[in-house]
Amino acid sequence: MSEWNRRTFLRRSAQAAALTALPGPAALLASPANAGVSTFPKGFHWGASTSAMQVEGYPYADGGGRSIWAAFEAHPGNIKDGSTNWIADEEYHRYAEDIGHMRDLGMNSYRFSISWPRVLPEGKGKPNEAGLAYYDKLIDALLAAKIKPFVTIFHFNYPEALQQQGGWLHPDSPQWLADYAHLLSGRFSDRVTNWLTINEPNILWGFGAESGIMPPSLKLDNAELAKGAHHLLLGHGRSVEAARAAAKKPIKVGLPFAGMLSIPASASSRDVEAARSASFAVEKRTIIPLQPAMTMMNNSWWLDPIYLGHYPEDGFRLFPTAEKLATPADMRIIHQSLDYCAVNLYFAPTVKAGADGKAELVPESPTAPRTHYGYPITPELLYWAPKFLAERYQKPILITENGISLDDAPSADGKIHDPQRTAFLNSYLGAYKRAHQDGVPLAGYLHWSLLDNWEFSEGYEQRFGLIYVDRKTQQRIVKDSAYRYKEIIESNGASL
Ligand code: BGC
């Protein structure tokens, strides 16, 4: 950091009381101009997120192809309630009704994904016109309701035909994704400005190829993991290039990453520094209790190449074979200029500085509140994660997922009373607003999820929606929390 920045930081820190404890790099973010502002920035994207296989249903209608989830779902025991995604929320037929709800709730943005096997049944080659036509209708209906589409190009449902050829270990896999991105951008970029390449490559590859709890259910060694991760990163870079090359108008692009950050136990500079270094260290970590520690579950191995153009040095200890892969030409492809740092944030461990300054995990209280999924509830994540990510990667933050699963059910009055989700929104969004007040650049907040949906291995057991979906009748009921979200949106956060 330059001397000028350091001095500016010191001066600004003194003015912004909340920042006095923060060390150097926060200088770039400390903007007293925002201290005390009561709203989110102008033009903030407010909305909700879904993904194709979790809401659409009818994956094989009109010529759709199989994804790697087809065989996985069919295997007894893989999906908790034995369900499939064949019906899901019937969004394939009910999108107009749900767009009406979004409009009524005041949302200005909606993130959904395009189903790769629906539009390219073989993963590449001849497109399925009926599949593409569905997304034309969806996009047109969103625009008619004044809702901006945020399109995720690839959200977990990888075409089975490509997996059979080796999937992300195949040297052509980056190009397969790029060709698909080119097709989508050529078709929809006259109406879609915001594009997101790969949803959560760290989860996709960690759970899919390291622990194997998601398809393609592999258990690869570190050399193979690094190779697949490199192909995913190249796929991201090439699809950004391809989407921009095919775009009919200038587009904005990001990658929605599953943020794996740590929260400091206090605002002391030692704890903050410990949380920051834990957030960016490349080491094996456990993110789900009782699951083995995994090497793919970290931020920097994925995000440093994307935003900084190189792998983090400490990662080569785990992935020595990646040195060969990291050629200057490949790193240039991966390091595309992005418009925002898109991130999915749910919960995080709390750490404090030990005697040697290193991060020590603060054990969670056994009585701490948890979601129906069992995730801890950690609102401070929405303050610290944007701050840490924006400092390191110098991009505005776009939260592409954040939400809570509960066991919602209609009450005697036929409504869904979900005070825990309302409290979740108030506390998480309150923390996010504080990040803005401290000068962290923010672009938007897209809640996970619009609807109760099909939650992969959990089947229909986790309800993440702002809108309840009756599993038998498909009836929608707008939950109480959604009305609170509407107030927050309408006041652009002033009511928090
Ligand atoms: C995924 C979503 C999923 C959500 C809640 C994220 O990892 O992107 O598809 O439904 O978490 O578990």
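In case you missed it, the structure is sitting above this.
As the structure is a computational prediction, the values presented were derived from the model and not from experiment.

## Quick notes on the overall build of the protein chain
Within the protein chain, the secondary structure is distributed over 17 helices and 14 strands. Compactness check: the protein chain gives a C-alpha radius of gyration of 22 Å against a globular reference of 23 Å for 496 residues, within 12% of the reference. Split into buried and exposed, the 496 residues of the protein chain put 59% on the buried side. Pairs at least 24 apart in sequence give 77% of the contacts found in the protein chain among residues at least 6 apart.

## Describing the site of the ligand
The environment of the ligand is made up of Q54, H155, N199, E200, Y346, Y373, Y375, E401, W448, E455, F456 and F464. One of the side-chain N or O atoms of N199 is found 2.9 Å from an oxygen atom in the ligand. Contact distances for the ligand include 2.8 Å between an oxygen atom and a side-chain N or O atom of E401. Contact with the protein chains removes 91% of the 310 Å² of surface that the ligand exposes when unbound. Broken down by class, the residue content of the shell around the ligand amounts to six nonpolar, three polar and three charged.

## What about the packing of aromatic side chains?
Evaluated as defined, the whole model comprises 40 aromatic pairs. Both rings, one in W46 and one in Y485, keep their centres 6.0 Å apart while their planes meet at 75°; by these two values the pair is edge-to-face. With a gap of 439 residues between them, W46 in strand β1 (residues 45–49) and Y485 in helix α17 (residues 480–490) connect regions that are remote in the sequence. Considered together, W46 and Y485 belong to a single accessibility category, that of buried residues. One aromatic cluster in this structure is built from F40, F44, W46, Y432, Y445 and Y485. Positioned above the aromatic ring of Y92, the side-chain terminus of R118 is 4.1 Å from the ring centre. Over the aromatic face of Y383 sits the side chain of R434, whose NZ or CZ is 5.3 Å from the ring centroid.

## Focus on unusual backbone geometry
The amide bond that connects P215 to the next residue, P216, takes the cis arrangement and shows omega of 10°. You can see P216 is positioned in the loop between α9 (201–210) and α10 (222–246). Across the junction of W448 and S449, the peptide omega takes the value 15°, indicating a cis bond. Tracing the sequence through the fold places S449 in the loop between β12 (442–448) and β13 (467–469).

## Here's the deal with the sheet that holds strand β9 (residues 350–353)
Across the sheet, three strands lie side by side as β7-β9-β10; this open sheet has mixed pairing. Because the sheet does not close on itself, it has two edges, and the strands there are β7 (263–264) and β10 (359–361). As judged from the three bridges shared by β9 and β10, these two strands associate in the antiparallel manner. Within β10, the residue paired with A353 across the bridge is A359.

## So, a nonpolar patch on the surface
Together, Y60, W86 and I87 make up a nonpolar patch on the protein surface, roughly 300 Å² of accessible area in all. Residue placement: I87 occurs in the loop between α3 (69–74) and α4 (91–104). A residue is classified by how much of its surface remains accessible, and I87, at 40% relative accessible area, is partly exposed.

## Structural notes on the sheet that holds strand β5 (residues 252–254)
The parallel open sheet is built from nine strands, whose spatial order is β5-β4-β3-β2-β1-β12-β11-β8-β6. Of all strands in the sheet, those with a lone pairing partner are β5 and β6 (257–258), marking the two edges. Sheet topology places β1 next to strand β2 (residues 109–113); three bridges connect them, and they run parallel. Paired with G47 across the two strands is S109, which belongs to β2.

## Side note on helix α12 (residues 300–308)
A large share of α12 lies buried, amounting to eight of its nine residues. S300, W301, W302, L303, D304, P305, I306 and Y307 are the residues of α12 that are buried. A positive backbone phi angle near 85° is found at G309, which sits one or two residues after α12.

## Side note on the nonpolar core
Ranked by internal contacts, the top residues of the largest apolar core, which has 132 residues, are W116, W205, I397, Y432 and Y445. Broken down by element, this core gets its largest block of residues, nine residues, from helix α15 (residues 381–393). The contact partners of W116, leaving out residues within four places of it in the chain, are G123, F154, N157, Y158, P159, L162, W168, W176, L177 and Y180. Ranked by size, the runner-up nonpolar core spans seven residues in total, among them L196, A342, L398 and A443.

## Regarding the pattern of salt bridges
In this structure the tally under the stated criterion is 28 salt bridges. Of the charged contacts in the structure, one is a salt bridge between R103 and D104, with a shortest N-O distance of 3.5 Å.

## Details of the pairing of strand β11 (residues 397–401)
Of all five residues in β11, five are buried, a share of seventy percent or more. Pairing analysis gives four bridges linking strand β8 (residues 341–344) to β11, with the strands arranged parallel. Paired with V343 across the bridge in β11 is I399. Since β11 and β12 lie parallel, the crossover through helix α16 (residues 419–437) that links them has a hand, and here it is right-handed.

## Some thoughts on α9
Every α-helical turn comprises 3.6 residues, leaving residues that sit three or four positions apart pointing alike. Of all the ten residues making up α9, ten are buried; the element is thus mostly covered by neighbouring parts of the structure. What α9 keeps buried is the set P201, N202, I203, L204, W205, G206, F207, G208, A209 and E210. Along its buried surface, α9 packs onto β3 (148–154), β4 (194–198), α10, β6 and α12. A positive backbone phi angle near 75° is found at G212, which sits one or two residues after α9.

Here is what the cut-offs are and how they apply
Residues numbered from 1 in each chain as written. Predicted model: local features only at pLDDT ≥ 70, side-chain atom pairs only at ≥ 80, totals over all residues. Heavy atoms only, no water. Helix = DSSP H or I, 4+ residues; strand = E, 2+ residues; numbered from the N terminus. Rg over C-alpha atoms; globule rule 2.2 N^0.38 Å. Buried < 20%, exposed > 50% of the residue type's maximum accessible area, 1.4 Å probe, protein only. Contact = heavy atoms within 4.5 Å. Near = heavy atom within 4 Å. Polar contact = N/O pair within 3.5 Å; in protein donor to acceptor, adjacent residues only side chain to side chain. Areas by Shrake-Rupley, 256 points an atom, 1.4 Å probe, with all protein chains shown as cover. Nonpolar A, V, L, I, M, F, W, Y, C, P; charged D, E, K, R; others polar. Phe/Tyr/Trp six-rings, centres within 6.5 Å; stacked < 30°, edge-to-face > 60°. Lys NZ or Arg CZ within 6 Å of the ring centre and 35° of its normal. Pairing = 2+ DSSP bridges. Patch = residues over 30% accessible without salt bridge, like charges linked within 9 Å, V, L, I, M, F, W, Y side chains within 5 Å. Salt bridge = Lys/Arg side-chain N within 4 Å of Asp/Glu carboxyl O. Core = buried A, V, L, I, M, F, W, Y, C linked by side-chain atoms within 4.5 Å. Right-handed = clockwise from strand over helix to strand, strands pointing away.

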